[in-house]
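Residues per chain are reported as follows:
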Amino acid sequence: MTASFAGVTLDRPRIMAIVNVTPDSFSDGGERLDPAQAIDDGLRFVSEGADIVDIGGESTRPGSRPIDADEELQRVLPVVEGLAKRNIVVSIDTRRTAVARACLDAGARIVNDVSALQDDPELMPLVAERAVPVVLMHRAGRSEEKYVVPAYANVVEDVRGFLVERARACEAAGIARERIALDPGLGFGKSVQENVDLVAGAGRLAEAGYPVLIGASRKSFIGRLTGVEEPRRRDPASIWLAVEAARRGAAFVRVHDVAGTRQALAVSRAMR
């Protein structure tokens, strides 16, 4: 297993904080359109225990509208610059080469792509050229089909097979194995039970030899499980899922509530 990722030692489960700079994200859309607010929140998350801050400028919620690279860059670049200059490990959540290139130039250290480097054919060569870590996420179908639930023979094995195939394609393109992490893409073309199965199967995904990132935080399947409609009120279940994912082998958890997750992970480690 990889000993570190983007300079973050994987001696314990690590926290990736979500900072969306969008008007329409499902949980926090519109909160951080002011770059100063987004930077302040990123700094607060680091003070609360985040190891990585993930900056996203395009919503992936159902019904969200695609945006172009210029609009995405206007949203994310000031935030990436503001956090990276403070030596924070910044991940840029994008599927576009132009956005990734500008953000890497500004100090981002990780590319986190919901399309597993499929939507933009120039992004894989850029990641290889820059020798930066990448998170490959599973998403069923094209971007506009990301919430259409396909038929899986076995969701854990099917998702694992896809991600391993994408990882091998990355390695063939010159991306070092130790710079690749896998994300099963909870909520992207999966039923409620399949999302639960993927959290439970984090260890099976990790057996492929790449660090696994689980992002369950506040997602709609939690609402369907619990009856809680307001995403912000789903933090207790989100924290529980983060702990369970880490217990089963996830190297990273991607969360909204950093302080609560850090506390829960610390207690979980002590219990073990």
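The preceding data block contains the structure.
Attention here is on the structure that accompanies the text. (Residues numbered from 1 in each chain as written. Predicted model: local features only at pLDDT ≥ 70, side-chain atom pairs only at ≥ 80, totals over all residues. Heavy atoms only, no water.)

A few words on the overall build of the protein. Looking only at helices and strands, the protein has ten helices and ten strands in total. In terms of C-alpha radius of gyration, the protein reaches 17 Å, essentially the compact-globule figure of 19 Å for 272 residues. Along the longest, intermediate and shortest principal axes, the C-alpha atoms of the protein span 40 × 40 × 40 Å. Evaluated residue by residue, the protein yields a buried proportion of 57% over its 272 residues. In the protein, 67% of the contacts between residues at least 6 apart in sequence involve partners at least 24 apart. For the protein, the accessible area works out to roughly 11200 Å², and carbon and sulfur atoms hold 48% of it. (Helix = DSSP H or I, 4+ residues; strand = E, 2+ residues; numbered from the N terminus. Rg over C-alpha atoms; globule rule 2.2 N^0.38 Å. Buried < 20%, exposed > 50% of the residue type's maximum accessible area, 1.4 Å probe, protein only. Contact = heavy atoms within 4.5 Å. Areas by Shrake-Rupley, 256 points an atom, 1.4 Å probe, with all protein chains shown as cover.)

Below, the discussion takes up a positive patch on the surface. Among the surface-exposed residues, R12, R262, R269 and R272 lie close enough to one another that they form a single positively charged patch. One can find R272 in the segment after α10 (258-271). (Patch = residues over 30% accessible without salt bridge, like charges linked within 9 Å, V, L, I, M, F, W, Y side chains within 5 Å. Salt bridge = Lys/Arg side-chain N within 4 Å of Asp/Glu carboxyl O. Lys, Arg positive; Asp, Glu negative; His and termini not counted. Charge placed at Lys NZ, Arg CZ, Asp CG, Glu CD.)

Two elements in contact, helix α1 (residues 35-48) and helix α2 (residues 69-84), have axes whose closest approach is 9 Å; the angle formed by their N-to-C orientations is 40°. Judged by the angle between their axes, α1 and α2 are oblique. For the pair α1 and α2, the crossing hand works out as right-handed. Taken together, the residues of α2 that come into contact with α1 (itself represented by P35, A38, I39, G42 and L43) are P78, V79, G82 and L83. (Axes fitted to C-alpha atoms, helices over the stretch in contact; angles between N-to-C directions. Parallel < 35°, antiparallel > 145°, perpendicular 65-115°, else oblique. Left-handed = near helix turned anticlockwise from the far one by under 90°.)

All right, on to the pairing of strand β4 (residues 52-56) then. Among the five residues in β4, five count as buried, and that is most of the element. Of the two faces of β4, the one holding I52, D54 and G56 and the one holding V53 and I55 are both buried throughout. Where strand β3 (residues 14-20) meets β4, five bridges bridge the pair, whose relative direction is parallel. The residue bridging N20 from the neighbouring strand is G56, located in β4. Direction of pairing for β4 relative to strand β5 (residues 90-93): parallel, over a ladder of four bridges. (Pairing = 2+ DSSP bridges.)

This paragraph deals with helix α9 (residues 235-248). What sets the pattern is the α-helix's 3.6 residues per turn: residues three or four places apart point alike. If you check α9, its first and last C-alpha atoms are 20 Å apart, about what 14 residues at 1.5 Å a residue would give, namely 20 Å. Listing the buried residues of α9 in full gives D235, S238, I239, L241, A242, V243, E244, A245 and A246. Looking at the packing, one finds that the buried side of α9 touches α6 (192-200), α7 (202-206), β9 (213-214), α8 (220-226), β10 (252-255) and α10. Downstream of α9 by a residue or two, G249 has a phi angle that is positive, lying close to 130°. (Expected span 1.5 Å × (residues − 1).)

A few words now on the nonpolar core. I55, V111, L117, L136, I175 and I180 are the most contacted members of the largest nonpolar core, which totals 71 residues. Per element, the largest residue contribution to this core is eight residues, and it comes from helix α5 (residues 155-172). Beyond its immediate stretch of four places on either side in the chain, I180 contacts F5, V134, L136, A167, C170, E171, I175, Y210 and P211. Ranked by size, the runner-up nonpolar core spans 13 residues in total, among them F5, I110, A181 and L213. (Core = buried A, V, L, I, M, F, W, Y, C linked by side-chain atoms within 4.5 Å.)

So, about the packing of aromatic side chains. Within the structure shown, the criterion is met by one aromatic pair. One Lys or Arg, R177, reaches over the ring of Y210 and ends 4.2 Å from the middle of that ring. (Phe/Tyr/Trp six-rings, centres within 6.5 Å; stacked < 30°, edge-to-face > 60°. Lys NZ or Arg CZ within 6 Å of the ring centre and 35° of its normal.)

What follows deals with unusual backbone geometry. One non-glycine residue, A6, lies in the positive phi region at around 55°. Take A6: it is sitting in the loop between β1 (4-5) and β2 (8-9). A positive phi angle is found at R218, which is not glycine, with a value near 60°. Its location among the elements puts R218 in the loop between β9 and α8.

Before going further, it helps to examine the packing of α9 against α10. Helices that pack against each other are described as a pair by the angle of their axes relative to one another and the distance between those axes. The geometry of α9 relative to α10 is characterised by a closest axis approach of 9 Å and an angle of 40° between their N-to-C directions. On the basis of the axis angle, α9 is oblique to α10. Our pair here, α9 against α10, has a crossing hand that is right-handed. Between α9, through I239, A242, V243 and A246, and α10, the contact on the second element is made entirely by G260, T261, A264, L265 and S268. When the residues that make up the contact of α9 with α10 are grouped by side-chain class, the tally is six nonpolar, three polar and no charged. (Nonpolar A, V, L, I, M, F, W, Y, C, P; charged D, E, K, R; others polar.)

Among the residues making up helix α3 (residues 97-105), those that are buried are T97, V99, A100, C103 and L104. Taken end-on, α3 shows its buried residues confined to a sector of 160°, consistent with a single buried face. Summarising the contacts, the buried residues of α3 are in contact with α2, β5, β6 (110-113) and α4 (123-130). The positive-phi residue at the C-terminal boundary of α3 is G107, with phi of around 120°. (Arc of directions from axis to C-beta.)

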